[in-house]
Amino acid sequence: MSELYQQAFQYATTFLKESNDLPIQVSDQARSDLKHLDFKLQTEGVDATQVIQELDQWVSPATMKMGSPRFFGFVIGGCYPVSVASNWMGTAWDQNTGLEKTTPAVAALERISGRWMLEMLGLPAQSAVAFVTGATVANFTALAAARNQVFNKAGWDVEADGLIGAPEVHIIISEESHPTVYKSLAMLGFGRNRVTKVPTDDQGRIDMAQFPVVKDNTIVICQAGNINSGAFDPISDICERVESKNAWVHVDGAFGLWAMASDKHRYLGEGIEKADSWATDAHKWLNVPYDSGLAFVKNEHALKAAMAITASYLPSENATRNPSDYTPELSRRARGIDIYAVLRHLGKSGVEELIDRCCACAKRFADHFTTAGFEVMNDVLLNQVVVCFGSEELNLQVMDAIQKEGTCWAGQTIWKDRLAMRISISNWQTDFKAVDDSLVVIDELINNLVK
Ligand SMILES: Cc1ncc(COP(=O)(O)O)c(C=O)c1O
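In this text, all values refer to a predicted model and were calculated from it rather than measured experimentally. (Residues numbered from 1 in each chain as written. Predicted model: local features only at pLDDT ≥ 70, side-chain atom pairs only at ≥ 80, totals over all residues. Heavy atoms only, no water.)

Asker: I'm lost on the overall build of the protein chain in this one. Help?
Answerer: What the protein chain contains, in helices and strands, is 13 helices and 11 strands. On C-alpha atoms alone, the protein chain measures out to a radius of gyration of 23 Å, which is about the 22 Å that the 2.2 N^0.38 rule sets for 451 residues. Overall size of the protein chain, expressed as C-alpha extent along the three principal axes, is 65 × 60 × 45 Å. Scored against the burial criterion, the 451 residues of the protein chain give a buried share of 52%. Considering only contacts in the protein chain between residues 6 or more positions apart, those separated by 24 or more positions represent 74%. On the protein chain, roughly 20,400 Å² of surface is accessible, and the fraction owed to carbon and sulfur atoms is 53%. (Helix = DSSP H or I, 4+ residues; strand = E, 2+ residues; numbered from the N terminus. Rg over C-alpha atoms; globule rule 2.2 N^0.38 Å. Buried < 20%, exposed > 50% of the residue type's maximum accessible area, 1.4 Å probe, protein only. Contact = heavy atoms within 4.5 Å. Areas by Shrake-Rupley, 256 points an atom, 1.4 Å probe, with all protein chains shown as cover.)

Asker: What's the story with the packing of aromatic side chains in this structure? I'm lost.
Answerer: Two aromatic rings, taken as a pair, are described by how far apart their centres are and by the angle between their planes. For the coordinates displayed, the defined rule picks out 11 aromatic pairs. Look at Tyr 80 and Trp 428: their rings are 5.2 Å apart centre to centre, the planes differ by 40°, and that puts the pair in the tilted class. Of the two residues, Tyr 80 sits in the loop between α3 (48-59) and α4 (81-93) while Trp 428 sits in the loop between β11 (418-424) and α13 (432-450), which places them 348 residues apart along the sequence. On the basis of relative accessibility, which here comes to 6%, the residue Tyr 80 falls in the buried class. Of the residues examined, Trp 428 reaches a relative accessible area of 22% and is grouped as partly exposed. Among the aromatic residues, ring-to-ring pairing joins Phe 72, Phe 365, Phe 369, Phe 374 and Phe 389 into one connected group. Directly above the aromatic system of Tyr 326 lies the positively charged group of Arg 321, at a separation of 4.5 Å from the ring centroid. Residue placement shows Lys 416 over the ring face of Trp 415; its charged tip is 5.0 Å from the ring centre. (Phe/Tyr/Trp six-rings, centres within 6.5 Å; stacked < 30°, edge-to-face > 60°. Lys NZ or Arg CZ within 6 Å of the ring centre and 35° of its normal.)

Asker: Teacher, can you tell me more about the packing of helix α1 (residues 2-18) against α3 here?
Answerer: When two helices pack together, their arrangement is given by the angle between the helix axes and by the axis-to-axis distance. With their axes 10 Å apart at the nearest point, α1 and α3 run at an angle of 5° to one another. Relative to α3, the element α1 lies roughly parallel. Contacts between α1 and α3 involve Leu 4, Gln 7, Ala 8 and Tyr 11 on the former and, on the latter, Ala 48, Thr 49, Ile 52, Gln 53 and Asp 56. (Axes fitted to C-alpha atoms, helices over the stretch in contact; angles between N-to-C directions. Parallel < 35°, antiparallel > 145°, perpendicular 65-115°, else oblique.)

Asker: Whenever I open this one, the pairing of strand β6 (residues 277-281) confuses me. Can you help?
Answerer: Consecutive side chains of a regular strand alternate in pointing toward one face of the sheet and then the other. Taking burial as the measure, the 5 residues of β6 include 5 buried ones, the bulk of the element. Residues Ser 277, Ala 279 and Asp 281 of β6 are buried on one face, and the alternating residues Trp 278 and Thr 280, pointing to the opposite face, are buried as well. Where strand β5 (residues 247-252) lies against β6, 3 bridges are found, and the strand directions are parallel. By the bridge assignment, Asp 252 is partnered in β6 with Ala 279. When β6 meets strand β7 (residues 293-297), the two strands line up antiparallel, connected through 5 bridges. Residue pairing for β7: Ser 277 is matched across the bridge by Val 297. (Pairing = 2+ DSSP bridges.)

Asker: What should I look at first to understand the domain arrangement of the protein chain in this one?
Answerer: Quite often, the size of an interface is put as the accessible area lost when its parts meet. Annotation of the protein chain at the domain level lists domain 1 (2-68) and domain 2 (85-342). Summarising the inter-unit geometry, the C-alpha centres of domain 1 and domain 2 are found 35 Å apart. (Domains from an automatic or database assignment.)

Asker: I'm lost on the nonpolar core in this one. Help?
Answerer: Phe 296, Phe 365 and Phe 369 are the most contacted members of the largest nonpolar core, which totals 80 residues. Val 132, Phe 151, Val 297 and Ala 302 belong to the second-largest nonpolar core, a separate cluster that totals 32 residues. (Core = buried A, V, L, I, M, F, W, Y, C linked by side-chain atoms within 4.5 Å.)

Asker: Got a minute to help me understand the site of the ligand in this structure?
Answerer: Lining the immediate surroundings of the ligand are 13 residues, of which Thr 136, Ile 227, Asp 252, Asp 281 and His 283 lie closest. Between an oxygen atom of the ligand and a side-chain N or O atom of Asp 281, the distance comes to 2.6 Å. Here His 283 contributes a side-chain N or O atom positioned 2.9 Å from an oxygen atom of the ligand. The residue makeup of the shell around the ligand, split by class, is 4 nonpolar, 6 polar and 3 charged. (Near = heavy atom within 4 Å. Polar contact = N/O pair within 3.5 Å; in protein donor to acceptor, adjacent residues only side chain to side chain. Nonpolar A, V, L, I, M, F, W, Y, C, P; charged D, E, K, R; others polar.)

Asker: What should I look at first to understand the packing of helix α11 (residues 336-371) against α13 in this one?
Answerer: The N-to-C vectors of α11 and α13 enclose an angle of 25°; their axes lie 10 Å apart at closest approach. The angle between α11 and α13 places the two elements in the roughly parallel class. Judged by the twist between their axes, the crossing of α11 over α13 is right-handed. Along the contact surface, α11 presents Ala 360, Cys 361, Arg 364, Phe 365, His 368 and Phe 369, while α13 presents Phe 432, Val 435, Asp 436, Ser 438, Leu 439, Ile 442 and Asp 443. Partitioned by chemical class, the residues of the contact of α11 with α13 number 8 nonpolar, 2 polar and 3 charged. (Left-handed = near helix turned anticlockwise from the far one by under 90°.)

Asker: Can you help me understand the pattern of salt bridges in this one?
Answerer: Once their charged atoms are close, side chains differing in charge can pair, the charge on each being opposite to the other. In total, this model carries 18 salt bridges according to the counting rule given. With its nearest N and O atoms 3.1 Å apart, the salt bridge here joins Asp 338 to Arg 333. Residue classification places Asp 338 among the buried positions, given a relative accessible area of 2%. Exposure remark for Arg 333: the relative accessible area of 29% places this residue in the partly exposed category. In this structure, a network of salt bridges that share partners links the residues Asp 291, Glu 329, Arg 333, Arg 335 and Asp 338. (Salt bridge = Lys/Arg side-chain N within 4 Å of Asp/Glu carboxyl O.)

Next comes the structure, spelled out in structure tokens:
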């Protein structure tokens, strides 16, 4: 066993050591070499060391180097070393994190890190915390709690009686909502189309002048961190607007919620604590390994009513917090380990430094592009930069050239009906040097293209 683990450790640490200096984009050769993994299912197996050797040989070169300090695509983070190490330990412990009585240590880590998260983000201390796979499932989980409470107040037990014959519930959503929010609405039986979409302003924020009259039995879904501009909806105003109604306000803060950990950036989400639930990703800006998202729900009872499993064989008596009472899954990995590890390692000030540094790097990109005469299409207040180099064709050429060259990586977006390049900064390693090294390459590629 020890030899096998040493071998895997060696491959993994070599990968981590070298990957920052390798081209980010996967080469055509490495893609094509994946055919070497594609065997006809054998009757007899092979030695474990051979399996690990083959994985290293063919998979490592075919990985997009998403953990690089110069990877700026999709708003995703990398992994702090402490979380890679804690994740390895978590795999060795292999705790099925459903029940506190059977897995007390990892249940305790969730309880503690959940409390830390609430404090750091300034959310109500009594809120329940669910450790899920990502923001998609965090949105789903929080909206399931919303569904419980709104129906409950309307005199309907949706968990017991389902949606057929239920009173109507109204969904108000931003026209800029993330596609995964629609997926959650579909999974919850609300439907993707039975929504009222509110128009947004030039930064993608809900326009309160066009906010509909709120009726009873309403769920409003807003954003902290627009996927393109990074902008926040006027969450405080929205909460005030629904106050007197049977209504629930949910905030999708997949990456933007982390701004609340920073003194400098907290103003973006002022009043956010008035909402009823919030979703975020730890695998984005907290830089823990996949997969890791969090749902925070002010009314613990509503979340438990939507998620708790009661079965006679499950030993739940005397438990203070059974993890499976809060999440869609019963059996799952112990996501709290890595969140605990990073928060313990960084402390509040370390998280704040990370957020502020990433935002400063975004500003540096934006200032450079503006000075160079290109159009930065968003107000760069957080970690997102949307830049347009000129015609659609030129934008596509620039992105293609950047991705092929391999020093850095950024992808395309459509913002306000125009094709542009989006730069997202949420990696723990990104600093001014990473930005400047990328800009040297980007400038040269653009010069070659427009020459
Ligand atoms: C605003 C927003 N909501 C939801 C999601 C979905 O997150 P995940 O892919 O982690 O499930 C994302 C992902 O980029 C996002 O930016």
